[in-house]
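Structural characterization, general
What follows is each chain in one-letter form.
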Amino acid sequence: MKERTVGFYEVVVTKEGEAQRIPELMDWDGMLADLSRAPVAARSFEGDSQLVGTVVTYGEQDHLLLHRVKDAGEWLSVLNFDTGDLRELEQSAQEGYLDTSVVCFLPFGNVVGIMQGGVSAPSHKALETWLNGIQMFPGSQLQIRPVVTHAEVEKLKTASGASRVEVKIMANKMGALANRSGGLARTLRVAGEAYGEISVTMIISVPKKRELKEHREHLLADLAAISDVVTGAERARARLVFSDPGGPEQSRMVELVEHSITAKKRVPATDAEGRSIRIVSAVDAILGAAAEHEDVLRLAVDARSS
């Protein structure tokens, strides 16, 4: 079963050349309802390629399929793996072969989840081109940008310890550790000096034992000492410990660098009877990933839970 990536993007509006967040939720349900009744010509836009939107309903909710129509000059063939027979596909003027992406509009923050059906299927930039091209929201110039996590470096100041730190430093960042003290900086620096132009991924975990409290405090101090370096790292996250005077310690995983929010999901293409379920599977995967990451997504687009 193939794994596919779910990417999350925010729809914003461009005014005077500047991207601005849209404070209210756009009427995506109304847009999809209108599209479902529109002829193909009204759902199509041709730029660098021809893009067509189709609405599908699953679980009493409308979703968008965005298609790229393959160029009539592309060579397409079908191979029968049992017989070895090869058949050429010819595209008539009334038909088109499609690369398809599944798009789900989430009920908060003008966030969309997208899963591409293949490498040449429409991307978020194609969705942006299509939405503006068909003028679904007249007078608005939309931009679609990746949703990125907030860097939570400030949390280091209020934590009492760190039980786990994961850092990936690329070779071009190693120089920033030259004069830094502490175990993390020293270990990363030694690795760089020993092996030259390398990237280093390091994971340090301190068991949840009361007698190891000082070790967690030490790890937090070493992380704070290089916080300005790790914010520019390839990857940096930590499970921080917070002391509650009236109760037990609480822990929380925090992201110390910003990165695009994505998820890998297994997407079955057929059911037990061999019938195609790839669109249903994709919708389930997107909505499932959105539910898993809802808190992070809401924080990233400043859409607080009501």
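Coordinates for the structure precede this section.
Residues numbered from 1 in each chain as written. Predicted model: local features only at pLDDT ≥ 70, side-chain atom pairs only at ≥ 80, totals over all residues. Heavy atoms only, no water.

1. Thoughts on the overall build of the protein chain
- Counting its secondary structure elements, the protein chain contains eight helices and 15 strands.
- Relative to the globule expectation of 19 Å for 306 residues, the C-alpha radius of gyration of the protein chain, 24 Å, shows a markedly less compact shape.
- Expressed as lengths along the three principal axes of its C-alpha atoms, the size of the protein chain is roughly 70 × 50 × 45 Å.
- Taking all 306 residues of the protein chain together, the buried fraction comes to 39%.
- Partitioning the contacts of the protein chain with sequence separation of at least 6, the portion at a separation of at least 24 is 65%.
- For the protein chain, the exposed area adds up to about 17,600 Å²; of that, 48% sits on carbon and sulfur atoms. (Helix = DSSP H or I, 4+ residues; strand = E, 2+ residues; numbered from the N terminus. Rg over C-alpha atoms; globule rule 2.2 N^0.38 Å. Buried < 20%, exposed > 50% of the residue type's maximum accessible area, 1.4 Å probe, protein only. Contact = heavy atoms within 4.5 Å. Areas by Shrake-Rupley, 256 points an atom, 1.4 Å probe, with all protein chains shown as cover.)

2. So, the pattern of salt bridges
- Inspection of every chain in the model, using the stated rule, returns 16 salt bridges.
- Residues Glu-128 and Lys-125 are paired through a salt bridge, measuring 3.1 Å at the closest nitrogen-oxygen approach. Here Glu-128 and its partner Lys-125 are both found in helix H2 (residues 124-133), three residues apart, which amounts to about one turn of the helix.
- Residue classification places Glu-128 among the buried positions, given a relative accessible area of 14%.
- Here Arg-237 and Glu-166 are joined by a salt bridge, their closest N and O atoms 3.4 Å apart. Note that Arg-237 is positioned in strand S13 (residues 235-242) and Glu-166 in strand S11 (residues 161-169), a separation of 71 residues in sequence. (Salt bridge = Lys/Arg side-chain N within 4 Å of Asp/Glu carboxyl O.)

3. With respect to a nonpolar patch on the surface
- The grouping of Leu-79, Phe-81 and Leu-86 at the surface amounts to a nonpolar patch, some 380 Å² of accessible area in total.
- Among the structural elements, Leu-86 can be located in strand S7 (residues 86-89). (Patch = residues over 30% accessible without salt bridge, like charges linked within 9 Å, V, L, I, M, F, W, Y side chains within 5 Å.)

4. Comments concerning the pairing of S13
- Bridging between S11 and S13 involves seven bridges; their strand directions are antiparallel. Paired with Gly-161 across the two strands is Val-241, which belongs to S13.
- Sheet analysis places S13 next to strand S14 (residues 250-255), joined by six bridges and oriented antiparallel. Residue pairing for S14: Ala-238 is matched across the bridge by Val-254. (Pairing = 2+ DSSP bridges.)

5. What about the environment of Ala-72?
- With respect to the helices and strands, the residue Ala-72 is situated in the loop between strand S5 (61-69) and strand S6 (76-79).
- It is 55 Å that separates the C-alpha atoms of Ala-72 and Ile-226, two residues lying 154 residues apart in sequence.

6. Focus: the nonpolar core
- Ranked by internal contacts, the top residues of the largest apolar core, which has 30 residues, are Val-165, Leu-223, Ile-226, Leu-240 and Leu-256.
- Secondary structure elements with two or more residues in this core: S11, helix H4 (183-195), strand S12 (200-205), helix H5 (213-225), helix H6 (227-230) and S13.
- Residues within four places of Leu-240 in sequence aside, it is in contact with Lys-155, Leu-156, Ala-159, Gly-161, Ala-162, Leu-220, Gln-250, Ser-251, Arg-252 and Val-254.
- Formed by 25 residues, the second largest nonpolar core is a distinct cluster that contains Phe-105, Ala-126, Leu-131 and Ile-144. (Core = buried A, V, L, I, M, F, W, Y, C linked by side-chain atoms within 4.5 Å.)

7. A word on unusual backbone geometry
- Although it is not a glycine, Asn-110 sits at a positive phi angle of roughly 50°.
- With respect to the helices and strands, the residue Asn-110 is situated in the loop between strand S8 (98-105) and strand S9 (111-116).
- One non-glycine residue with positive phi stands out, namely Asp-302, at about 60°.
- Here Asp-302 lies in the segment after helix H8 (294-301).

8. Regarding the environment of Arg-21
- Looking at the secondary structure, you find Arg-21 in the loop between strand S2 (18-20) and helix H1 (28-37).
- When the C-alpha positions of Arg-21 and Gly-109 are compared, they lie 9.0 Å apart, and in sequence the two are 88 residues distant.
- The contacts of Arg-21, once residues within four sequence positions are left out, are Glu-10, Val-12, Arg-145, Ala-300, Val-301 and Asp-302.
- Engagement of the side chain of Arg-21 in a polar contact is seen with the side chain of Glu-10, the distance being 2.6 Å.
- Reaching out from Arg-21, the side chain makes a polar contact with the backbone oxygen of Ala-300 at a distance of 3.4 Å. (Polar contact = N/O pair within 3.5 Å; in protein donor to acceptor, adjacent residues only side chain to side chain.)

9. Focus on the sheet that holds S14
- Read from one edge to the other, the open sheet built from four strands follows the order S12-S11-S13-S14, with strand pairing classed as antiparallel. Whereas interior strands pair on both sides, the edge strands pair on one side only; in this sheet they are S12 and S14. Across the sheet, the mean angle separating the axes of adjacent strands is 10° when strand polarity is ignored.
- With respect to the sheet, H4 is in contact with S11 and S12, its orientation differing from that of S12 by roughly 145°.
- Strands in contact with H5 are S11, S12 and S13; relative to S11, the strand with the most contacts, it is inclined by about 40°. (Axes fitted to C-alpha atoms, helices over the stretch in contact; angles between N-to-C directions.)

10. A word on the pairing of S5
- Most of S5 sits inside the fold, with seven of its nine residues counted as buried.
- Across nine bridges, the pairing between strand S4 (residues 50-58) and S5 is antiparallel. Residue Thr-54 lies in a different strand from S5, and its bridge partner there is Leu-65.
- Between S4 and S5, which pair antiparallel in sequence order, lie two residues; one of them, Gly-59, sits at a positive phi of approximately 60°.
- Note that S5 and S8 share six bridges and pair antiparallel. From the neighbouring strand, Leu-65 faces S8, where its bridge partner is Val-102.

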